[in-house]
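# Coordinate analysis (summary)
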Amino acid sequence: MFSTSYSCRLLLQVVVTGRGRGGGPMGRGRTVPTRQSPRVAESQRSTVSIEGLSLSTTETQLRNLLRSIGPIEMFKMMPQQRKAVATFSNPDHAASFQLSFHRHMIDLSHIDVSLIDG
């Protein structure tokens with residue numbers, strides 16, 4: 001017995017002009033305002049939000065943790081909300097604090113540290 005098998009593929013490409021987001025002649029011609037990239041904006045923020053605090057965490061503990069990175073200008077603790085907000089003198093210190101202590105465990109509670117607009 002002799003058998004042959006043939007496989008045939010047909011490729012079809014369709015090009016439609018005037019569709020999509022291109023700035024070609026069919027585009028709408030409007031400009032899109034550029035925004036600062038998130039990394040650049042975050043690097044200029046000097047305020048951190050600390051959430052998920054344990055009810056047993058003290059103001060002194062947090063102040064010492066913050067000062068271990070750099071000088072702070074403002075600090076407010078809201079124990080009932082299990083949260084605190086602090087502003088560093090230098091935005092680099094805020095970024096460093098976030099990198100060092102986000103998801104860090106204090107008093108058996110993982111804290112969430114984020115950079116916010118002051």
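Cut-offs used in this document
Residues numbered from 1 in each chain as written. Predicted model: local features only at pLDDT ≥ 70, side-chain atom pairs only at ≥ 80, totals over all residues. Heavy atoms only, no water. Pairing = 2+ DSSP bridges. Helix = DSSP H or I, 4+ residues; strand = E, 2+ residues; numbered from the N terminus. Axes fitted to C-alpha atoms, helices over the stretch in contact; angles between N-to-C directions. Salt bridge = Lys/Arg side-chain N within 4 Å of Asp/Glu carboxyl O. Buried < 20%, exposed > 50% of the residue type's maximum accessible area, 1.4 Å probe, protein only. Polar contact = N/O pair within 3.5 Å; in protein donor to acceptor, adjacent residues only side chain to side chain. Arc of directions from axis to C-beta. Contact = heavy atoms within 4.5 Å.

Per an unreviewed UniProt entry, the protein chain is named RRM domain-containing protein, and its organism is Cynoglossus semilaevis.

### A look at the sheet that holds strand S1 (residues 47-51)
Taken in spatial order, the four strands make up an open sheet running S2-S3-S1-S6, and their pairing is antiparallel. Each edge of the open sheet is held by one strand with a lone partner, namely strand S2 (72-78) and strand S6 (112-116). With direction set aside, neighbouring strand axes in the sheet form an average angle of 15°. As paired strands, S1 and S6 are joined by five bridges and run antiparallel to one another. Bridge assignment links Ile50 to a residue of S6, and that residue is Val113.

### As for the pattern of salt bridges
Within this structure, the stated rule accounts for four salt bridges. Its salt-bridge partner being Arg45, residue Asp117 comes within 3.1 Å of it at the nearest N-O pair. Remark: Arg45 occurs in the loop between helix H1 (38-43) and S1 and Asp117 occurs in the segment after S6; sequence separation between them is 72 residues. For Arg45, a relative accessible area of 22% corresponds to the partly exposed category.

### Here we look at the side chain of Ser109
The residue Ser109 is located in strand S5 (residues 109-110) in this model. There is a polar contact of 2.5 Å between the side chain of Ser109 and the backbone oxygen of Gly52.

### Section: helix H3 (residues 91-101)
Working note: α-helix, 3.6 residues per turn, so residues spaced by three or four point in the same direction. All of the buried residues along H3 are Ala94, Phe97 and Phe101. For H3, the angular spread of the buried residues around the axis is 60°, confining them to a single face. Residues of H3 that are exposed and point more than 90 degrees away from the buried face comprise Asp92 and Leu99. Residues of H3 that are buried in the fold lie against S1, helix H2 (59-67), strand S3 (83-88) and S6. The residue sitting at the N-terminus of H3 and contributing the capping side-chain oxygen is Asn90; that oxygen lies 2.8 Å from the backbone nitrogen of Asp92. Once H3 ends, the next one or two residues include Arg103, with phi positive near 65°.

### Quick notes on the environment of Glu59
Looking at where Glu59 falls in the secondary structure, it is placed in helix H2. Sequence separation between Glu59 and Met77 is 18 residues, and the spatial gap between their C-alpha atoms is 6.8 Å. If we ignore the near neighbours within four places in the chain, the residues touching Glu59 are Phe75 and Met77.

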